[in-house]
Amino acid sequence: MSKRLYQPSYVQEILQKYDFYFKKSLGQNFLIDGNIVGDIVEKSGIQEDDVVLEIGPGIGVLTEELSSKAKFVYSVEIDKNAVEILKDTLKDYDNIEIIPGDILKTDLKKIYEKNHQKLKVVANLPYYVTTPILAYLMEHKDDISQITVMIQKEVAQRIVSEKDSKQYSSLSVFLQYHSDPRILMDVPRTVFMPKPNVDSAVLELKLKEKRSDVPEDILFPLVRTAFNQRRKTILNSMTSGDLNLSKEELRDILKNLGISPKARAENLSVEDFINIAKGIAND
Ligand code: SAM
């Protein structure tokens, strides 16, 4: 194929043909660098028998590359104007289905059931909604085996950061509980049209098995409460939350685990949070 979707002149041509305007509110920054598109797909390790779920295909730059490697690509796009363009740009591919709509309202189980094969997510995510999308994917992790997403570099760094670092946050704990996150590569802002104000990174999340021994209904509120008040000691932040436990009970739980009541959220590992949640559940 002589024209490829990532070529800036071709992107311009399509945008003009369809009188398309980038919607900042939908996080529309399209890739215009073929090497980066190739690198993302290569690093995602997509193979010919994989079923891919793409979020936000835009005009189809990544979709086109993914379809050349995967068995089938499902792409969910919220923007009706982009969906119209995709009907044209991807018309020659028979292993792509465009699903119009919001990924946060898309039934992933239904997509899984089309092939009874776990989905591999690959996406250049809209930045305004990165955290809700990752949380949604974690909720549906039974239907997914792997996630490779381009996101804001600073957020990627937060997600992979370890305890005792300033960037360590409730998002780090949440995603490290569900997966092994790893930054695969940094991506400069210059490879997008329009150019965003921040750099990006490609993040891989290898999903972990669901843990039936962990009381998630206690763990997640606990982590959120602890980081919402990250300057407070863990004992104080936990007592001010909705855990309905007295200071003495919480002090005992921490003591049994060998965790100092003076520790702060950022000093606790994911395993520490899990153990505290289990201690509360057993109390
Ligand atoms: N994949 C294309 C690329 O790399 O050039 C476009 C990526 S652009 C950063 C994000 C895309 O996600 C846009 O096409 C936008 O319309 C779409 N989008 C935004 N919010 C969405 C949502 N909630 N569900 C599905 N798609 C969404």
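As a starting point, this report considers the structure included with it. (Residues numbered from 1 in each chain as written. Predicted model: local features only at pLDDT ≥ 70, side-chain atom pairs only at ≥ 80, totals over all residues. Heavy atoms only, no water.)

1. Looking at the pairing of strand β9 (residues 200-207)
Here is step 1 of the chain: Taking burial as the measure, the eight residues of β9 include seven buried ones, the bulk of the element.
Here is step 2 of the chain: Of the pairings in the sheet, the one linking strand β7 (residues 179-187) to β9 comprises eight bridges and is antiparallel in character. The residue of β9 that forms the bridge with S179 is L207. (Buried < 20%, exposed > 50% of the residue type's maximum accessible area, 1.4 Å probe, protein only. Helix = DSSP H or I, 4+ residues; strand = E, 2+ residues; numbered from the N terminus. Pairing = 2+ DSSP bridges.)

2. Section: the sheet that holds strand β5 (residues 119-124)
Here is step 1 of the chain: One open sheet holds the seven strands; their spatial order is β4-β3-β2-β5-β6-β9-β7, and the pairing between them is mixed. The sheet is open, and its two edges are formed by β4 (96-100) and β7, each paired on a single side. Shown here is a sheet whose adjacent strand axes are inclined to one another by a mean of 20°, direction ignored.
Here is step 2 of the chain: The sheet contact formed by strand β6 (residues 144-152) and β9 spans seven bridges and is antiparallel. From the neighbouring strand, V149 faces β9, where its bridge partner is L203. (Axes fitted to C-alpha atoms, helices over the stretch in contact; angles between N-to-C directions.)

3. A few points about the site of the ligand
Here is step 1 of the chain: Around the ligand, the surrounding shell holds 21 residues, and the nearest of these are L31, G56, E77, D102 and N124.
Here is step 2 of the chain: At 2.6 Å, a side-chain N or O of E77 approaches an oxygen atom of the ligand.
Here is step 3 of the chain: Against a free-state accessible area of 600 Å², the protein chains account for coverage of 99% of the ligand.
Here is step 4 of the chain: Mapped by element, the contributors of at least two residues to the shell around the ligand are β1 (30-31) and β3 (72-77).
Here is step 5 of the chain: Across the shell around the ligand, the residue classes break down as 10 nonpolar, seven polar and four charged. (Near = heavy atom within 4 Å. Polar contact = N/O pair within 3.5 Å; in protein donor to acceptor, adjacent residues only side chain to side chain. Areas by Shrake-Rupley, 256 points an atom, 1.4 Å probe, with all protein chains shown as cover. Nonpolar A, V, L, I, M, F, W, Y, C, P; charged D, E, K, R; others polar.)

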